[in-house]
Amino acid sequence: MSWGEVMPGVLGLALLWVLPGYAVLRLLGARGLLALGAGPAVTSGLSGTLAIGYGLVGLPWSLATLVLGLAAAVLVAAVLGRVLGTTHDPAGTTVAGEKRLSRTERLWLTLTWTLGGGALAAAMVKGIGRADQPAQAWDAVFHLNALWFIRDTGNASSLGGLAPMYGDTVAPFYPATWHGIVAVAPGFPRVAEAANGSLLVLGSVIWIGGLVALSRVVWPARALPTVLVPVLAAAYVTFPAVAVSMLAVWPFALSMACVPGTIALVIATFRGVLSWQMHLALGIGLLWAVVGVVLAHASGLFSLMVLALPLLTVLLARQLWRRARQGSAVVPALVMVGWLVAIVAGTWFLVNFPPVRSIMDYQRGGQSSYLPGIASLLIDHPLVYVYKITSVNIVGTLLAGLGIVLATRWRHARWLIVSLVVAIVLTLLAAGPPENPARVLAGFWYTQPSRINQLILIPAIMLASGAGSWLARAAARRLGAPLWAPATILVVALVALTGGLRWTSQTQVMASTYTTYPIAWGTILEPAEIEMIDRAAESLPEDAVVLGEAVAGSPFLLHRADVEVVFPQLGQIPNSPERTILEQRFHRWRTDLEVCQAVRDLGVTHVYADSLTFEDPLNAKYESTTQGLYNIEPDPESEDWQLVDTGGHASLWRFTGCNR
């Protein structure tokens, strides 16, 4: 399927993610770019909460019920805004900037957003290939089938809604906010197109929109930093490209994309002298945005802590300093000490909280030195997999460095330096020697440097935008030219010096899990095998149940052809002894009575076989725990096996060997 055919769906998904949250914030009193950039986080919070509520009361999840619930939230926001008198409060404008952007400034922002967001979207489209091309990464297989089950069951709750992914043997908590919205998005015939379309929305709309909103409150007196942000953001490969392709952590990517807009709401809620009504109204919006970040992925809580705690500490310190100057300093000092103690105590609690500890105990290797990680951060080279260095982002690093120097004089931006340093330290801890005891702090993100370094981009882009604005203004004063002239030269230089906003690197990373064969980390499906799987909707009967090694590609039958499979994900399914028997001993079906009993219990009718070996140049995936299904060799001469279809190294067989 072509991208042109799904573009209406992409537009619809963008509107579904932005407009409800925007309406809630606007009715509460937030304005303009602040409401626009933080809107997706609020929508995510509302959607994730609705999905849990619907699951508890048995209300089916669909586009209609989602829109109905969001409409109710908008109505409540309208009532609250009217009661508090904040909907039309002029303070709503000042919290998003000291003055509204002029028509010319809005036009320039539209142009740079089109350039930056368009470049990101175009690189994704180029790397993905066709709109229905399946992502071949471990997490992607899970997420695609999770979307299919939500459509099938009408349950998008994070509290057990994805139990079918585990054979209904367990119903664990799993962050399903991304899945819930994407599964019911209109205009997508299958979940593969919906998932791929959502990546464009995450990068070009939600991520850039949040950064634009954040820059508006970080640099409220000037419009140029905000205008520069979309182009600066598009020059980084770390996010969204690495997150949505090589890592394929799509729920985590949603959480990360919502962080900048949420921090913008933090600043708007606590900055300056506002009426208690406006503080309350913005606080309600902030609460929903935080819920959205955390429900999208639990690590979002820690991401907010890293980036927002320095900010909140600065804002609190300023308020306490004002109080101390007006009277006794004892109470403000005690409050500040209590705040710092609360941060330390909260961190200690989280480190020792069993559910969090299970994440932090995830074992991951590192490097013997911190130098490779530092080098990768300086040029924005992916901290995952081995990619050729086709372009670098030295420009962004230099601008961020200048921004650090300038921010030491700009009191309101100093918290950005602290957040940047903390994010860098955590990234290097994850990337460096495993024996460092402080490395446990990186465990909040599964000790994966390629996840943590995405946090670096937010303060770095803010600092770079401030520095870029300063350079343009200095050049304009020195040359006696209008500001737009050096600003335009700066944008052109950014595009040129980053190789067309890192086009080759962006497309290389995106294609590495979609269309570059062999696929990074191991090829699951060859092009001919994808075609065979798509044909399975017609070649297999409606009651077919297919057994096959998951890493060989059998799970793709579920979401692409609506064919039931024994293993809907690449991970092991707990509390299912029948599946364990088949994983380990199916190749002994002729002699092992337990194998055939498991086949009958699970209703297996067909087998997915793949002759590709791990040593093949195509770099097949290999899983040591599923040796009973590895390289199944059906006997075409036996009455127990009847060939249904072939494609590449894979084939589909009707299996009747256990019927007798």
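For the structure, check the block above.
These lines cover the structure that appears in this document, whether it is placed above or below. All of these numbers come straight from a predicted model, not from anything done at the bench.

Scoring rules and cut-offs
Residues numbered from 1 in each chain as written. Predicted model: local features only at pLDDT ≥ 70, side-chain atom pairs only at ≥ 80, totals over all residues. Heavy atoms only, no water. Helix = DSSP H or I, 4+ residues; strand = E, 2+ residues; numbered from the N terminus. Rg over C-alpha atoms; globule rule 2.2 N^0.38 Å. Buried < 20%, exposed > 50% of the residue type's maximum accessible area, 1.4 Å probe, protein only. Contact = heavy atoms within 4.5 Å. Areas by Shrake-Rupley, 256 points an atom, 1.4 Å probe, with all protein chains shown as cover. Lys, Arg positive; Asp, Glu negative; His and termini not counted. Charge placed at Lys NZ, Arg CZ, Asp CG, Glu CD. Core = buried A, V, L, I, M, F, W, Y, C linked by side-chain atoms within 4.5 Å. Pairing = 2+ DSSP bridges. Salt bridge = Lys/Arg side-chain N within 4 Å of Asp/Glu carboxyl O. Disulfide = S-S within 2.5 Å. Expected span 1.5 Å × (residues − 1). Patch = residues over 30% accessible without salt bridge, like charges linked within 9 Å, V, L, I, M, F, W, Y side chains within 5 Å.

## As for the overall build of the chain
Turning to step 1, where the next piece is worked out: In terms of helices and strands, the chain carries 26 helices and five strands.
Turning to step 2, where the next piece is worked out: At 26 Å, the chain has a C-alpha radius of gyration in line with the 26 Å of a compact globule built from 660 residues.
Turning to step 3, where the next piece is worked out: Taken over the C-alpha atoms alone, the chain extends approximately 90 × 50 × 50 Å along its principal axes.
Turning to step 4, where the next piece is worked out: Classification of the 660 residues of the chain by burial places 58% in the buried group.
Turning to step 5, where the next piece is worked out: Partitioning the contacts of the chain with sequence separation of at least 6, the portion at a separation of at least 24 is 75%.
Turning to step 6, where the next piece is worked out: In the form shown here, the chain has an accessible surface area of approximately 26,100 Å², with 65% of it arising from carbon and sulfur atoms.
Turning to step 7, where the next piece is worked out: Taken as two groups, the 40 positive and 37 negative side-chain charges of the chain have centres that lie 26 Å from each other.

## Some thoughts on the nonpolar core
Proteins that are soluble and globular tend to have nonpolar side chains buried together.
Turning to step 1, where the next piece is worked out: If you look at the biggest cluster of nonpolar residues, it comprises 219 residues, and the most contacted ones within it are Trp207, Trp250, Ile461, Phe586 and Tyr608.
Turning to step 2, where the next piece is worked out: In terms of residue count, the dominant contributor to this core is helix α8 (residues 191–218) (16 residues).

## Section: the sheet that holds strand β5 (residues 650–655)
Turning to step 1, where the next piece is worked out: Ordered by their spatial adjacency, five strands build an open sheet running β2-β1-β3-β5-β4, and the pairing between neighbours is mixed. Looking at the sheet topology across the chains shown, the edges are occupied by β2 (564–565) and β4 (641–647).
Turning to step 2, where the next piece is worked out: Of the pairings in the sheet, the one linking strand β3 (residues 606–610) to β5 comprises five bridges and is antiparallel in character. When the bridges of β5 are listed, Ala609 appears paired with Ser651.

## Overview of the pattern of salt bridges
Two side chains that carry opposite charge are able to pair once their charged atoms sit near each other.
Turning to step 1, where the next piece is worked out: In the structure shown here, the tally under the stated rule is 10 salt bridges.
Turning to step 2, where the next piece is worked out: Measuring nitrogen to oxygen at the nearest pair gives 2.8 Å for the salt bridge that ties Arg502 to Asp380. With Arg502 in helix α22 (residues 499–511) and Asp380 in the loop between α16 (371–379) and α17 (394–407), this residue pair connects regions lying 122 residues apart in the sequence. Here Arg502 and Asp380 have matching classes, each one buried.
Turning to step 3, where the next piece is worked out: Through salt bridges with shared partners, one network takes in Arg130, Asp132, Arg190, Glu193, Asp534 and Arg560.

## Quick word on the state of the cysteines
Turning to step 1, where the next piece is worked out: Applying the stated rule across the entire model yields one disulfide.
Turning to step 2, where the next piece is worked out: Between the sulfur atoms of Cys596 and its disulfide mate Cys658 the distance is 2.0 Å. Residues Cys596 and Cys658 share a disulfide whose torsion about the S-S bond is about -70°; that sign makes it left-handed. One end of the pair, Cys596, is in helix α26 (residues 593–601); the other, Cys658, is in the segment after β5, and 62 residues separate them in sequence. Both residues of the pair, Cys596 and Cys658, count as buried.

## Considering the environment of Leu426
Turning to step 1, where the next piece is worked out: Relative to the elements of secondary structure, Leu426 occurs in helix α18 (residues 414–431).
Turning to step 2, where the next piece is worked out: When the C-alpha positions of Leu426 and Ala442 are compared, they lie 5.5 Å apart, and in sequence the two are 16 residues distant.
Turning to step 3, where the next piece is worked out: With sequence-adjacent residues up to four places away left out, Leu426 is seen in contact with Val306, Leu441, Ala442, Trp445 and Ile452.

## Focus on helix α3 (residues 63–84)
Turning to step 1, where the next piece is worked out: Compared with the 32 Å implied by 1.5 Å per residue over 22 residues, the 31 Å span of α3 between its first and last C-alpha is a close match.
Turning to step 2, where the next piece is worked out: Taken as a whole, α3 has its buried residues at Thr65, Leu66, Gly69, Leu70, Ala73, Val74, Ala77, Gly81 and Leu84.
Turning to step 3, where the next piece is worked out: Considering only its buried residues, α3 is in contact with α1 (3–28), α2 (32–57) and α12 (276–296).
Turning to step 4, where the next piece is worked out: Looking one or two places after α3, you find Gly85, whose phi comes out positive at around 70°.

## Notes on a nonpolar patch on the surface
Turning to step 1, where the next piece is worked out: Residues Leu107, Trp108, Leu111 and Trp484 make up a contiguous nonpolar surface patch of roughly 430 Å² in combined accessible area.
Turning to step 2, where the next piece is worked out: Here the element with the most residues in the nonpolar patch is helix α5 (residues 103–128); it accounts for three residues.
Turning to step 3, where the next piece is worked out: The topology assignment puts Trp484 in helix α21 (residues 484–497).

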